[in-house]
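The chain contents come next:
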Number of protein chains: 2
Amino acid sequence: MASSFKQEAHQLLVIPGPIEVADDVLYANAHPSMSHMSPMFAGVFQDCLTKMKQVLYTEVGQPFLVAGSGTLGWDMAAANLVEPGENVLVLNTGYFGDSFAECLQVYGAKVDQLGAPVGDKPTVQQIEEALQKKKYKMLTFTHVDTSTGVLSDAKEICAAVKRVSPDTLTALDGVCSVGSEEIRMDDWGVDIVIGASQKGLGVPPGLCVVCASPKAITAFKNRKAAPTSYFASWNKWLPVMEAYGKGAAAYFATPPVQLIYALQASLATMTTKSPSLEERFALHRESSRKIKDTIQSWGLSLVTLNSDAAANGMTAVYTPEGLQPSAIVPRMLKRGVVVAAGLHSEIKTRYFRIGHMGLTAVDKSRGDVDTILKALKESLEEAGYKCKA
Amino acid sequence: MASSFKQEAHQLLVIPGPIEVADDVLYANAHPSMSHMSPMFAGVFQDCLTKMKQVLYTEVGQPFLVAGSGTLGWDMAAANLVEPGENVLVLNTGYFGDSFAECLQVYGAKVDQLGAPVGDKPTVQQIEEALQKKKYKMLTFTHVDTSTGVLSDAKEICAAVKRVSPDTLTALDGVCSVGSEEIRMDDWGVDIVIGASQKGLGVPPGLCVVCASPKAITAFKNRKAAPTSYFASWNKWLPVMEAYGKGAAAYFATPPVQLIYALQASLATMTTKSPSLEERFALHRESSRKIKDTIQSWGLSLVTLNSDAAANGMTAVYTPEGLQPSAIVPRMLKRGVVVAAGLHSEIKTRYFRIGHMGLTAVDKSRGDVDTILKALKESLEEAGYKCKA
């Protein structure tokens, strides 16, 4: 039915976000205008808040849904949870670690970064040592760094914080993991999850999705200095989200009404229909395994150095020796498959990225995984590379 | 055709934003997923930037289109154009003056407010006197204050600034005026226009629309201190907008792709089809005149005290003596017409607000103005008020 929207042939969008969006979600995004203050819309917003908690396995978390992008979630964490001069430890697994660190510094945080070679991640031992050396208000990590495809072990990191520095807040940048990777906020002790609508949640971009633990909310309420942002201030948003959480409308700035309807449609699929949430995560792992195994069997290398630290919703692949991404990406496009060029400055001319979140990973009847692999193999061979196996 | 989206009867949305959205714009908002980095999308973005300049009558302005709401535009003005400790003069014509002032203070501005009784606005003489007394980095005014329906005279204000304090930047909060009121940025000397998608632009909410003059961009570039926001920083957004302006994609944070398509659809109607932009503004004035004259002929009073200072896209109306807004608004709703309760704290229990922007004002074949007036008359009479005339 979505064909009526297409003015040209639709190309399969398999970058690490935005991702393919289901027809019912696109329809919801075309919902006729509704007042953001109407009881009907308040019920929809409430439903989204409730279901976001389900997706993040939290009973006690406080979700925030605000017009913006995932980046705005960094501002929220930086402006509301850290006071100027406080220390923050940033675990860096790629481009987005650098950027989050920069954002924190804009708000006055003193940032130490704990990095790793491209494709790798800091070890638990390194994290524990860093936490022992200095008192940190917050530790941040990129759950999936979209520039490298490295998956951080959220459970392990939060456990290390709990052991060594239990007062430290844990911030999970889940922009490229919410909906595609398991995140158990309450069990693991994640204090803030930062996400966006256009990745694993399967919704068009334009919505910043954040969830804060009671510990994070308490830290916010105990601030000495007022937050140094207006649009990102929880002083403004917390009462609004609390009201919508009870099914009542409240106003600070106009919410992106249609995107909230779209999120509701996608969350309904994610939380109530078969496959279950757990099965969805398993399907992401399965699709990822198939893509990574196949590509490696052809003789190509992944950017992620350890298979247990590889994202399940995307794959970063080195091009074969002598081929630039510009030899592959346009050839994929010619075959109707949109993949992404590199983003990490150190290796930018040597790799490309494939997204496989949401529909592409979960709905096998679409055959997206096979479409991607077929187009990639043809593109590689057309570019002169002979695939092994 | 939009009927396929309706799960329940659609109620006419005539609050002061969000407004009714045309079917082709809703369809565009359901556009299948596209890469924000694709040349095809970059062309759409470029088209939006070009047409936004047409709507604001500027050749030299630099538009910014960012996921967010109008409120984010305040953060942009405050974080990029004012340095901590600098003076800002806020002309206050209602709720949104207070809020903009608060936002400016969050970013360290020293704010003086020049107010007026509810429903009125500061005089040119008062503005000139204030500008003579102190050196201001920026003067801000709410073009249409949605809480009172007061229309500021943008041309007159900018002329006063030019006469008395030509270095002072002029900031026009056009959230409730862009698209429904004439704004001639270049001719009048407006340095920053702050708008949003869901009002006169006739697009769903979720897009912050800003346009800056060369003088504003120069003031930004000459800052001594870095902007104290990350998500709202023009250091990040200016190169992105400059790239899209040339038809090339660039990345800081993911744009709300579908909303950009929706904006393109609405701007195409606003700038290229009949009625022309000038005729659209005239139709807004005409619809407004009809609504205001009719309501006053029934014996009701408007919140705006002077007819030449009344918005053309909305009307704020005092309820008849003895009737609360709660006697009117639900009765309108029962008749399928959604109007808004009051917002200004001083008069909140004594008035309500009607929006008449975009389709409702321009497309006479819809009959929205008559629908509003009929429902209002019936509601008033049902509540026991006898309409005069």
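Here is what the cut-offs are and how they apply
Residues numbered from 1 in each chain as written. Chains lettered and ligands numbered in written order. Predicted model: local features only at pLDDT ≥ 70, side-chain atom pairs only at ≥ 80, totals over all residues. Heavy atoms only, no water. Buried < 20%, exposed > 50% of the residue type's maximum accessible area, 1.4 Å probe, protein only. Helix = DSSP H or I, 4+ residues; strand = E, 2+ residues; numbered from the N terminus. Pairing = 2+ DSSP bridges. Axes fitted to C-alpha atoms, helices over the stretch in contact; angles between N-to-C directions. Contact = heavy atoms within 4.5 Å. Phe/Tyr/Trp six-rings, centres within 6.5 Å; stacked < 30°, edge-to-face > 60°. Lys NZ or Arg CZ within 6 Å of the ring centre and 35° of its normal. 1 Å grid on protein atoms, 1.4 Å probe; cavity = no way out; pocket = protein on both sides within 12 Å on 5 of 7 lines; lining within 4 Å. Points joined across faces, edges and corners; volume = space filled by probe spheres on them. Nonpolar A, V, L, I, M, F, W, Y, C, P; charged D, E, K, R; others polar. pLDDT = per-residue confidence, 0-100. Least-squares fit on C-alpha atoms with pLDDT ≥ 70 in both. Buried area = accessible area lost by both parts, 1.4 Å probe. Salt bridge = Lys/Arg side-chain N within 4 Å of Asp/Glu carboxyl O. Polar contact = N/O pair within 3.5 Å; in protein donor to acceptor, adjacent residues only side chain to side chain. Arc of directions from axis to C-beta. Parallel < 35°, antiparallel > 145°, perpendicular 65-115°, else oblique. Left-handed = near helix turned anticlockwise from the far one by under 90°.

## Focus on the pairing of strand β14 (residues 351-355) of chain B
Residues and elements named next belong to chain B. With five of its five residues buried, β14 lies for the most part within the structure. Burial along β14 is two-sided: the face carrying Y351, R353 and G355 and the face carrying F352 and I354 are both buried. As paired strands, strand β11 (residues 314-318) and β14 are joined by five bridges and run antiparallel to one another. Paired with M314 across the strands is G355, a residue of β14. Where strand β13 (residues 340-341) lies against β14, two bridges are found, and the strand directions are antiparallel. For A340, the partnering residue across the bridge sits in β14 and is R353.

## Concerning the sheet that holds strand β9 (residues 192-196) of chain A
All names here are of chain A. Taken together, seven strands build an open sheet; the order of strands is β2-β10-β9-β8-β5-β3-β4 and the sheet is mixed. Looking at which strands have only one partner, the edges of the open sheet turn out to be β2 (62-67) and β4 (110-114). When strand polarity is set aside, the average angle formed by the axes of neighbouring strands in this sheet is 20 degrees. Contacts between helix α4 (residues 95-106) and the sheet are confined to β3 (87-91), β4, β5 (138-142), β8 (169-173) and β9, with β4 contributing the most and set at about 165 degrees to the helix. The strands touched by helix α6 (residues 154-164) within the sheet are β3, β5 and β8, with β5 carrying the most contacts at an inclination of about 165 degrees.

## A word on the packing of aromatic side chains
Scanning the model with the defined rule gives 26 aromatic pairs over all chains in all. Arranged with centres 5.0 Å apart and planes meeting at 85 degrees, the rings of W237(B) and F252(B) form a pair that is edge-to-face. Remark: F252(B) occurs in the loop between α9 (234-245) and α10 (257-272) and W237(B) occurs in helix α9; sequence separation between them is 15 residues. Judged on exposure class, the residue W237(B) and its partner F252(B) are both buried. Lying over the aromatic face of Y57(A), R184(A) brings its terminal NZ or CZ to 3.8 Å of the ring centre.

## Some points on the side chain of T140(A)
All names here are of chain A. By the secondary structure assignment, T140 is in strand β5. On the basis of relative accessibility, which here comes to 1%, the residue T140 falls in the buried class. When sequence neighbours within four positions are dropped, the list of residues in contact with T140 reads V88, L89, V90, L91, F100, L104 and A171.

## Examining the layout of surface pockets
Size it by volume and the second largest pocket reaches roughly 770 Å³. S35(A), M37(A), V339(B), A340(B) and A341(B) are, among the 32 residues lining the second largest pocket, the residues nearest its centre. Those elements that place two or more of their residues in the lining of the second largest pocket are α2 (39-55) of chain A together with α4 (95-106), α12 (325-334), β12 (337-338) and β13 of chain B. Element by element, the count of residues in the lining of the second largest pocket is highest for α12(B), at three residues.

## Here's the deal with empty space enclosed by the protein
Taken as a whole, this structure holds nine cavities of 30 Å³ or more when the rule is applied. Put simply, the largest cavity is a space of about 150 Å³. Forming the walls of the largest cavity are 17 residues, and the residues nearest its centre are Y251(A), G70(B), T71(B), F96(B) and V175(B). With three residues, the top contributor of residues to the lining of the largest cavity is helix α3 (residues 70-81) of chain B. Of the residues contributing to the lining of the largest cavity, the split by class is eight nonpolar, seven polar and two charged.

## Some remarks on the sheet that holds strand β13 (residues 340-341) of chain A
The strand order across the open sheet built from three strands is β11-β14-β13 (chain A), with neighbouring strands paired in antiparallel fashion. In the strand order of this sheet, the two ends are held by β11 (314-318) and β13 of chain A, each with one partner.

## Details of the pairing of strand β10 (residues 207-212) of chain A
All names here are of chain A. Across the six residues that make up β10, a large majority, six, are buried. As judged from the six bridges shared by β2 and β10, these two strands associate in the antiparallel manner. The residue bridging A67 from the neighbouring strand is L207, located in β10. Pairing geometry for β9 and β10, over five bridges, is antiparallel.

## Some points on the confidence of the model for chain A
All names here are of chain A. Averaged over chain A, the pLDDT score is 96; the fraction of residues at 70 or greater is 98%. Under a pLDDT of 50 for its full length, residues 1-6 has, in the predicted model, 10 contacts with residues more than four places off or in other chains. Under the prediction, the complex receives an ipTM of 0.97, its pTM being 0.97.

## Details of the relation of the copies chain A and chain B
Between chain A and chain B, the superposition needs a rotation of 180 degrees and an axial shift of 0.0 Å, giving an RMSD of 0.0 Å. Overall, the copies show the geometry of a two-fold rotation axis. No C-alpha of chain A approaches the rotation axis more nearly than that of G68(A), which lies at 2.2 Å. A shared binding surface is used by both copies, with 100% of the interface residues of chain A retained as interface residues in chain B.

## What about the interface of chain A and chain B?
Listed as interface residues are 56 residues of chain A and, on the opposing side, 56 residues of chain B. In this assembly, chain A packs against chain B so that about 4,400 Å² is buried in total across both faces, 64% of it on carbon and sulfur atoms. Counting every contact that joins chain A to chain B gives two salt bridges. With a shortest N-O distance of 2.7 Å, K236(A) and E102(B) are connected by a salt bridge. The tally of links from chain A across to chain B stands at 13 residue pairs in polar contact (both at pLDDT 80 or more). For the side of chain A that touches chain B, the secondary structure elements donating two or more residues are α1 (23-28), α3 (70-81), α4 and α10 (257-272) of chain A.

## Examining α6(A)
Residue and element names in this part refer to chain A. Inspection of α6 places A154, I157, C158, A160 and V161 among the buried residues, and these make up the whole buried set. Buried residues in α6, looked at end-on, bunch into an arc of 155 degrees, giving them a common side. Exposed and facing more than 90 degrees away from the buried side of α6 are K155, K162 and R163. In this fold, the buried residues of α6 make contact with β3, α5 (124-133), β5, β8 and α7 (185-188).

## Describing the packing of helix α11 (residues 277-297) of chain B against helix α14 (residues 368-382) of chain B
All names here are of chain B. Contact geometry of α11 with α14 gives a least axis separation of 10 Å together with a crossing angle of 15 degrees. Overall, the two elements α11 and α14 adopt an arrangement that is roughly parallel. Crossing geometry of α11 relative to α14 is assigned as right-handed. Residues S287, K290, I291, T294 and I295 of α11 touch α14, and the partners they reach there are V369, D370, I372, L373 and L376. By residue class, the composition of the contact of α11 with α14 is six nonpolar, two polar and two charged.

## Details of the pattern of salt bridges
All names here are of chain A. Applying the stated criterion across every chain, the model contains 36 salt bridges over all chains. For E182, the salt bridge is made with R184, and the minimal N-O distance between the two is 3.2 Å. For E182, a relative accessible area of 29% gives the class partly exposed. Here R289 makes a salt bridge to D293, at a shortest N to O gap of 3.0 Å. Here R289 and its partner D293 are both found in helix α11 (residues 277-297), four residues apart, which amounts to about one turn of the helix. Residue classification places R289 among the partly exposed residues on the basis of a relative accessible area of 34%. Several salt bridges share partner residues, and in doing so they unite R331, K334, R335, K374, E378 and E382 into one network.

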